[in-house]
Protein chains: 2
Amino acid sequence: MEASYAKLVERLGEVQDIASSAGVLAWDQRTKMPVAGAAARADQLSTLTRLAFERFTADEIGSLLEEFRPYEDSLDRDSLEASLIRVTRRDYEKAVRVPLELRGEMARAGALAEPVWREARKTSSFELFLPYLEEAIELKKRYIECFQPVDEPYDALLDDYEPGMKTAEVRAVFAELRDGLVPLVAAIAERTDAVDDSALTGDFPLERQEEVEAAILHAFGFADEEWRVDETAHPFASKGGPRDVRLTTHHQANNLTSLFACMHEFGHGLYEYQVDRDLYRTPLGRGASLGVHESQSRMWENMIGRSLPFWERFFPTVRDAFPGRLGGLDAEGFYRAVNRVQPSLIRIHADEVTYNLHIILRFELEQALVDGSLAPADAREAWDAKIEEYLGIDVPDVADGVLQDMHWSGGAIGYFPTYALGNVISGQLWERIRRELPDLDERTRAGELGDLREWLRENVHRHGRKYMPAELLERTVGGGLDPQPLLAYLRAKFGQIYELPA
Amino acid sequence: MEASYAKLVERLGEVQDIASSAGVLAWDQRTKMPVAGAAARADQLSTLTRLAFERFTADEIGSLLEEFRPYEDSLDRDSLEASLIRVTRRDYEKAVRVPLELRGEMARAGALAEPVWREARKTSSFELFLPYLEEAIELKKRYIECFQPVDEPYDALLDDYEPGMKTAEVRAVFAELRDGLVPLVAAIAERTDAVDDSALTGDFPLERQEEVEAAILHAFGFADEEWRVDETAHPFASKGGPRDVRLTTHHQANNLTSLFACMHEFGHGLYEYQVDRDLYRTPLGRGASLGVHESQSRMWENMIGRSLPFWERFFPTVRDAFPGRLGGLDAEGFYRAVNRVQPSLIRIHADEVTYNLHIILRFELEQALVDGSLAPADAREAWDAKIEEYLGIDVPDVADGVLQDMHWSGGAIGYFPTYALGNVISGQLWERIRRELPDLDERTRAGELGDLREWLRENVHRHGRKYMPAELLERTVGGGLDPQPLLAYLRAKFGQIYELPA
């Protein structure tokens, strides 16, 4: 059995090497590759992706997993061996359900749709994109068929990004979240003049921005021999290996948004960095799900990066980097400015309070598109109506409406909810962290974030994909998904900033 | 037959995708990767290299190649199809001769030896490196056994870098070359004060160096959407795809050597860039050999980059970039300075005249090591004696002697001669180019190098690996290897610079 297990580990290691090689190529494509290199890169990525898939779904892997059933039962469920067999079997059983041909069609459709989406967004033409959206939905319906029976069609999509999560549970959590957010947004709207963020727009030289970011990232835990940060169009984090973490950012000379984008990507990077090294070259060696990942990025971006203690430490760094640029702001004024709440059209620019409403809207539309109750041709009107309903604003341009995000062009349907699930999970973790690290504010004020990193490592990061998200949450906070801690955090923070009635 | 050929092309395309992916990872490793990423990168490169090899040596490829024999004979020998079958068969027959186990041992030995070589060089300890050199030679002897019968053992090694080339031919060419160079070096030594290059050492800010290089590279043909240049420790050129060419350089603030390193790597990059796009994703889609490659890099570095017409055009760019730094030099003075001849210990810093003697020395030692007439333990003394014989200088430190190059640590024995073969070939091509492009000096003086690029594309680059180096040379200059054109070029150029008697 030991020899068979070693063989499985070796096979999986190869698959991981191929996948992580593809990851480095994808990073390069978005940061360094000359633009004319795109065609060759598409060939390389397509070949590596297919090879990894073929080797992972080889009959040999299936036979080994069958052979291991009694061995697995004899092991401690939390052991590396049992976890590896369990998670690999789940991945394998999902992977072999989808014909290679359908996978090919999906990859091709995504590759064709992305440039059309870019053009459609640039020219504000929903009609141009519509046939590609219809195709993406049709392919998703065929994909869902591979996973029948499911409680409801959307479950099959959600599971790819948030393993084990059911649509019904997300629906219930989001309903509770929405019911809590809508009155908070309304209360803040009454006091909209209480926060002024005009000082955040102006002239912020890029080299100075980079210096400030470097200071903050190093305080967070970034180390030059293991991390790097590069410029890209749409920021992301990537891992070339367990000690090779790559953040990306997009600087703009007239605002400081990339500061927060860096903190966000740091949260993703730290999660990957702190996965146990034992799990490297196995399917367990990365974050548990997109939702859990997002809980980490949002925590570093918002709960740390938009907190008063943090700016009590770092405001002087920013102020000195941009002499005369931040008006008469002090640390508290800067803290208030970076927390201004304002319903707006674009998700990625949304504040901490309204952000989740953007996600809930997409979650509702995606379900309707997939179950057939909403025709793709009507998606634009449905979008605009929900923006009016949840945020009280008009959508004057479809480029800032249903065309704003690239996800659907790539067939990534079922992905959006993980953003708000991440916020919900970050609320639950944060409540627990505040209790277990009572001097966190004081530490943050001193620029010392090692205790927080260590808590996250011990309770979340080190496990990689050993546990399903629900089990990980149960182990960490002793319960299931619950939006109340996030709502309580938001009410307290923004109640104080906007001086809302209790 | 068409279906079988399409299958072969598809299989070879996959292998090329894997190999070019590994190439991008290797580029990243040497330019961008955080240092701590080395272990994961070694796993990735080892897996990709093995996969590419396994897929290339699969029985299916062998059967297809057998099946194609009559088909190949029915085709025009110069056609893409016939060339692809011919070159693939040669590669395949070589690849399957070497047991996977021996390949693994060689890769492992190289990986282990390289850090030891670094340490040995740093501490000037030949004894530290000696066991690794002995191991490398032993492995090479086993490797040579796989290719028996060969005329002489060294042939088997040379063929990996210069396909079809025989040791006997190189020996004859190098003897003639040495006989021509030794008196030239001696004549120049009599006139050593005729050239002063002291202005080339000083304070040259890196940003200014980068601006000058960008101006020169763009005049050469570098285009931002298809090329890039990055910093590294040991410069090289790399290709991510047919329209993704990556040069690297190593800037030093106290001299201008990286200017010439950039031109050198440009020559390699242009060769790869101008290979016919039809050959992409086939074994034909790169340069014919290391020797032919080096002929291109040396031509752009020396025959263009160290020519008077070139500096008549570009000296003002350099002068203006470093105000007051170049003393009272004018274009001709700068041209003379960058062509100073001075016997020295380090190959990579050697001038155009003495460089080849460094190579001939290594070629002679390698043959003796491989045929057993020189024990590795005696390599140091043998080296020092030859440096004295050919260049008339002592080797005070083994770090600047037998330990100076990394090649042997990686098992790259048989590689060195290609450097001087490249110079020889560049001499032959240059003679032909001068005849066919009579206004080349004038064009160079105007910074217009399109005709030269086009000549090289038409006569050399576009063919990729379709022809063996000897056949390519025959087609281009109508003869075999001949050191006389290079000697004539060197005598004319340095005779003028040093005012030597005719």
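As shown above, the structure is provided for reference.
So, how was this worked out
Residues numbered from 1 in each chain as written. Chains lettered and ligands numbered in written order. Predicted model: local features only at pLDDT ≥ 70, side-chain atom pairs only at ≥ 80, totals over all residues. Heavy atoms only, no water. Helix = DSSP H or I, 4+ residues; strand = E, 2+ residues; numbered from the N terminus. Buried < 20%, exposed > 50% of the residue type's maximum accessible area, 1.4 Å probe, protein only. Areas by Shrake-Rupley, 256 points an atom, 1.4 Å probe, with all protein chains shown as cover. Lys, Arg positive; Asp, Glu negative; His and termini not counted. Charge placed at Lys NZ, Arg CZ, Asp CG, Glu CD. Pairing = 2+ DSSP bridges. Contact = heavy atoms within 4.5 Å. Buried area = accessible area lost by both parts, 1.4 Å probe. Salt bridge = Lys/Arg side-chain N within 4 Å of Asp/Glu carboxyl O. Least-squares fit on C-alpha atoms with pLDDT ≥ 70 in both. Axes fitted to C-alpha atoms, helices over the stretch in contact; angles between N-to-C directions. Parallel < 35°, antiparallel > 145°, perpendicular 65-115°, else oblique. Left-handed = near helix turned anticlockwise from the far one by under 90°. Nonpolar A, V, L, I, M, F, W, Y, C, P; charged D, E, K, R; others polar. Phe/Tyr/Trp six-rings, centres within 6.5 Å; stacked < 30°, edge-to-face > 60°. Lys NZ or Arg CZ within 6 Å of the ring centre and 35° of its normal. Core = buried A, V, L, I, M, F, W, Y, C linked by side-chain atoms within 4.5 Å.

Moving on, we get to the overall build of chain A. Secondary structure summary: chain A contains 21 helices and three strands in total. For chain A, the spread of C-alpha atoms along the three principal axes comes to 70 × 50 × 50 Å. Residue burial in chain A is summarised as follows: out of 502 residues, 57% are buried. For chain A, the exposed surface amounts to about 20000 Å²; the carbon and sulfur share of it is 50%. Between the averaged position of the 58 positive side-chain charges in chain A and that of its 88 negative side-chain charges there is a distance of 3 Å.

What follows is about the pairing of strand S2 (residues 237-241) of chain A. Regular strands have side chains that alternate between both faces of the sheet. All names here are of chain A. In the sheet, S2 pairs with strand S3 (residues 244-249) via four bridges, with the strands oriented antiparallel. Paired with Gly241 across the bridge in S3 is Asp244. Two successive antiparallel strands, S2 and S3, enclose a turn made up of two residues.

Contact residues are listed per partner, giving 39 residues for chain B and 39 residues for chain A. Here chain B meets chain A over a buried area of about 2900 Å², counting both sides, of which 55% is carbon and sulfur. Counting across the interface, chain B meets chain A through 10 salt bridges. A salt bridge links Asp28 of chain B to Arg246 of chain A; the nearest nitrogen and oxygen atoms lie 2.7 Å apart.

Our focus in this paragraph is the relation of the copies chain B and chain A. With an RMSD of 0.1 Å, chain B superimposes on chain A once it is rotated by 180 degrees and translated 0.0 Å along the axis. Interpreted geometrically, this transformation is the action of a two-fold axis. A share of 100% of the interface residues of chain B reappears at the interface of chain A, consistent with the copies meeting face to face through the same patch.

Right, let's get into the side chain of Asp28 of chain A. Locating Asp28 of chain A in the fold gives a position in helix H1 (residues 2-31). Under the relative-accessibility criterion, Asp28 of chain A is labelled buried at 1%.

Next up on the list: the sheet that holds S3 of chain A. All names here are of chain A. Spatially, the three strands line up as an open sheet ordered S1-S3-S2, and their pairing is mixed. The open sheet has two edge strands, strand S1 (227-231) and S2, and neither has a second partner. Strand-to-strand, the axes of this sheet are offset by a mean angle of 25 degrees, without reference to chain direction.

We now examine the pattern of salt bridges. Applying the stated criterion across every chain yields a total of 98 salt bridges over all chains. For the salt bridge of Arg319 of chain A with Asp320 of chain A, the shortest nitrogen-to-oxygen distance reads 3.2 Å. Classification of Arg319 of chain A as partly exposed rests on a relative accessible area of 39%. Taking the relative accessible area as the measure of exposure, Asp320 of chain A reaches 52% and is therefore exposed. Counted as one network, the salt bridges with shared partners bring together Glu14 and Arg55 of chain A together with Arg50 and Glu54 of chain B.

Residue and element names in this part refer to chain B. Closest axis-to-axis distance for the helix H17 (residues 417-436)/helix H20 (residues 469-477) pair is 10 Å, and the angle between their directions is 20 degrees. Taken together, H17 and H20 sit at an angle that is classed as roughly parallel. The two elements H17 and H20 cross, and the hand of that crossing is left-handed. Contacts between H17 and H20 pair Ile425, Gln428, Leu429 and Arg432 from the former with Leu473, Thr476 and Val477 from the latter. Looking at the contact of H17 with H20 residue by residue, the class counts come to four nonpolar, two polar and one charged.

Attention shifts here to the sheet that holds strand S2 (residues 237-241) of chain B. Residues and elements named next belong to chain B. With mixed pairing, the three strands of this open sheet are ordered in space as S1-S3-S2. In this open sheet, the two strands that pair with only one neighbour each are strand S1 (227-231) and S2. If you compare each strand with its neighbour and ignore which way they point, the axes differ by 25 degrees on average.

Attention now goes to the packing of aromatic side chains. Residues and elements named next belong to chain B. In total, this model carries 52 aromatic pairs over all chains according to the counting rule given. Where Trp408 meets Phe416, the ring centres are 6.3 Å apart and the plane angle is 80 degrees; that geometry is what we call edge-to-face. Sitting above the plane of the Tyr419 ring, Arg347 keeps its charged end 4.6 Å from the centroid. A cation over an aromatic ring shows up here: Arg362 above the ring of Phe416, its NZ or CZ 5.2 Å from the ring centre.

Residue and element names in this part refer to chain A. Membership of the largest hydrophobic core comes to 179 residues, with the highest contact counts inside it found for Phe174, Trp311, Ile433 and Leu452. Among the elements that make up this core, the one with the highest residue count is helix H15 (residues 355-371) (10 residues). Setting aside its immediate chain neighbours within four residues, Leu452 contacts Met299, Trp300, Ile304, Trp430, Ile433, Leu437 and Leu440.

This part takes up the packing of helix H6 (residues 100-122) of chain A against helix H7 (residues 126-145) of chain A. Residues and elements named next belong to chain A. It is the contact of H6 with H7, at a shortest axis distance of 9 Å, that shows an interaxial angle of 155 degrees. In this view, H6 runs roughly antiparallel relative to H7, as classed from their interaxial angle. Note that H6 runs across H7; the crossing there is left-handed. Here Leu102, Glu105, Met106, Ala109, Leu112, Ala113, Val116, Trp117, Glu119 and Ala120 of H6 lie close against H7, whose contacting residues are Leu128, Phe129, Tyr132, Glu135, Leu139, Lys140, Arg142 and Tyr143. Residues that form the contact of H6 with H7 fall into these classes: 13 nonpolar, no polar and five charged.

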